[in-house]
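# Understanding the architecture of this molecule
What follows is each chain in one-letter form.
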Amino acid sequence: MFNIPLFPTEASTTASRVDLLFFALMGIIVFFTALIFVGVIFFSIRYRQGSRASRKGATSENLKLELVWTIIPLCITMGIFAWASKLYFDMHVPPRDAMDIYVVGKQWMWYIQHPEGNREIDELHVPLGKPVRLILTSQDVIHDFFIPAFRVKQDVIPGRYTTEWFEATKVGEYHLFCAQYCGTGHAQMVGKVIVMQPWEYEQWLSGKSSTGATMSSSGEQLFTQFGCVTCHKSDNTGRGPSLIGLFGQKVKLQTGQTVVADMDYIRESILDPTAKVVATYQPVMPTFKNQIDQAQLMQLIEYVKSLGKQQTASKGK
Ligand code: HEC
Ligand SMILES: [Cu+2]
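Anyway, here's the lowdown on the structure attached to this text.

Cut-offs and rules
Residues numbered from 1 in each chain as written. Chains lettered and ligands numbered in written order. Predicted model: local features only at pLDDT ≥ 70, side-chain atom pairs only at ≥ 80, totals over all residues. Heavy atoms only, no water. Salt bridge = Lys/Arg side-chain N within 4 Å of Asp/Glu carboxyl O. Helix = DSSP H or I, 4+ residues; strand = E, 2+ residues; numbered from the N terminus. Buried < 20%, exposed > 50% of the residue type's maximum accessible area, 1.4 Å probe, protein only. Patch = residues over 30% accessible without salt bridge, like charges linked within 9 Å, V, L, I, M, F, W, Y side chains within 5 Å. Areas by Shrake-Rupley, 256 points an atom, 1.4 Å probe, with all protein chains shown as cover. Contact = heavy atoms within 4.5 Å. Donors = N, O, S within 2.8 Å, 3.2 Å for Na, K, Ca; no water. Tetrahedral: all angles 85-135°; square planar, octahedral: opposite > 155°, others 65-115°. Near = heavy atom within 4 Å. Polar contact = N/O pair within 3.5 Å; in protein donor to acceptor, adjacent residues only side chain to side chain. Nonpolar A, V, L, I, M, F, W, Y, C, P; charged D, E, K, R; others polar.

## Quick word on the pattern of salt bridges
- Evaluated as defined, the whole model comprises nine salt bridges.
- For Arg17, the salt bridge goes to Asp90, with nearest N and O atoms at 3.1 Å. Of this pair, Arg17 sits in helix H1 (residues 15-46) while Asp90 sits in helix H2 (residues 63-92), placing them 73 residues apart in sequence.
- According to the relative accessible area criterion, Arg17 is partly exposed, its value standing at 32%.
- On the basis of relative accessible area, Asp90 is assigned to the partly exposed category, the value being 24%.
- One connected set of salt bridges, linked through shared partners, spans Asp100, Arg133, Glu302 and Lys305.

## Here's the deal with a nonpolar patch on the surface
- A cluster of nonpolar side chains, contributed by Phe31, Phe32, Leu35, Ile36, Phe37, Val40, Ile41 and Ile45, occupies part of the molecular surface with about 810 Å² of accessible area.
- Here Ile41 lies in helix H1.
- For Ile41, a relative accessible area of 48% puts it in the partly exposed group.

## What about the side chain of Gln154?
- Relative to the assigned elements, Gln154 resides in strand S7 (residues 152-156).
- With a relative accessible area of 16%, Gln154 lands in the buried category.
- Among all residues touching Gln154, those that are not within four sequence positions of it are His92, Leu136, His143, Asp144, Phe145, Thr162, Thr163 and Glu164.

## Observations regarding the coordination of the iron atom of ligand 1
- Distances from the iron atom of ligand 1 to its protein donors, namely His232 (NE2) and Met285 (SD), fall within the range 2.0 to 2.1 Å.
- Here the iron atom of ligand 1 binds six donor atoms, and the angle range of 88 to 179° at the metal identifies the geometry as octahedral. Of this pair, His232 sits in the loop between helix H5 (228-231) and strand S11 (250-252) while Met285 sits in the loop between helix H6 (263-271) and helix H7 (294-315), placing them 53 residues apart in sequence.
- Its relative accessible area of 16% is what places His232 among the buried residues.

## With respect to the site of ligand 1
- Every one of the 25 residues lining ligand 1 counts as a neighbour, but Cys228, Cys231, His232, Tyr265 and Met285 are closest to it.
- In the model, an oxygen atom of ligand 1 is placed 3.3 Å from a nitrogen or oxygen of the Pro273 main chain.
- A distance of 3.0 Å separates an oxygen atom of ligand 1 from a polar backbone atom of Val278.
- Residue assignment for the shell around ligand 1 shows that the elements contributing at least two residues are H5 and H6.
- Element by element, the count of residues in the shell around ligand 1 is highest for H6, at three residues.
- Looking at the shell around ligand 1, its residues break down into 18 nonpolar, five polar and two charged.

Structure (structure tokens):
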């Protein structure tokens, strides 16, 4: 739409919407700035000292005029507010059918895991025309995952998950930047996003970045390796609650509060188990803070998520 070299290509569904808002704002600003400047210059020349322009009939009060210059700007700013809010929410709420890809930022690289098990560094392969939700976290300091061509940018924060979504509309390679100064290697924390046709993406998934194990099956392996399975038995006879069907459900805590078992909750349960203790259970779960890294944590979460789906599948039986 706008082929100005100052602007990166528009390669996502939100890109043209962001640009349209940007240029509309720019247009309004330029229009009013010009209007004010022309007025200032015109009147300073016309009414300069010694000019013969008539100064009679000067008004000191005009209600109509004041209403006009209050109501018009109010309508314009409220219009921008409504427009920008709609765009903001659309940009932050991923569509339900979005596919998840996990990203860990660390000094100074991006480590990316696909649910199918593929892993890559400083490269992100995505299919064309499919909404993708990135689930991001950091292993050390605050980073920021910025894809200019998609007009998406999200801080990546240690200790929690943030998300960012997009739907690519153009096959190609695009810049990926870290947009938060994160130490001496910040400038090298760059990469590329590769948008492929869906069938090419399928091929890529089974290519050399494939690990042969999906994230949730790697998670299942960790679940045994770290002994989670000894307390969390599927038939609920262990010392901990069964995790089947947990994901997305409400959990009653010892304090009487209820929380939704989302990714942050699962993560906290593993790293800081006593922070939220499940009702009727003893706080006997040890912390795994220093044993599990961010990438493994994401695999465990994918596994717990897959257990959530298992229940809905078995309900019909
Ligand atoms: C010594 C037994 C034990 C081990 C080992 C253990 N847990 Fe737990 N876990 C518990 C108990 C007891 C609770 C419930 C009390 C609480 O919330 O702390 C719990 C709670 C949880 C919850 C919240 C469950 C809910 O219903 O809300 C999750 C998720 C969880 N554990 C995951 C894990 C994972 C993953 C591992 C392995 C890395 C693990 N646990 C290892 C005993 C254990
Ligand atoms: Cu960074």
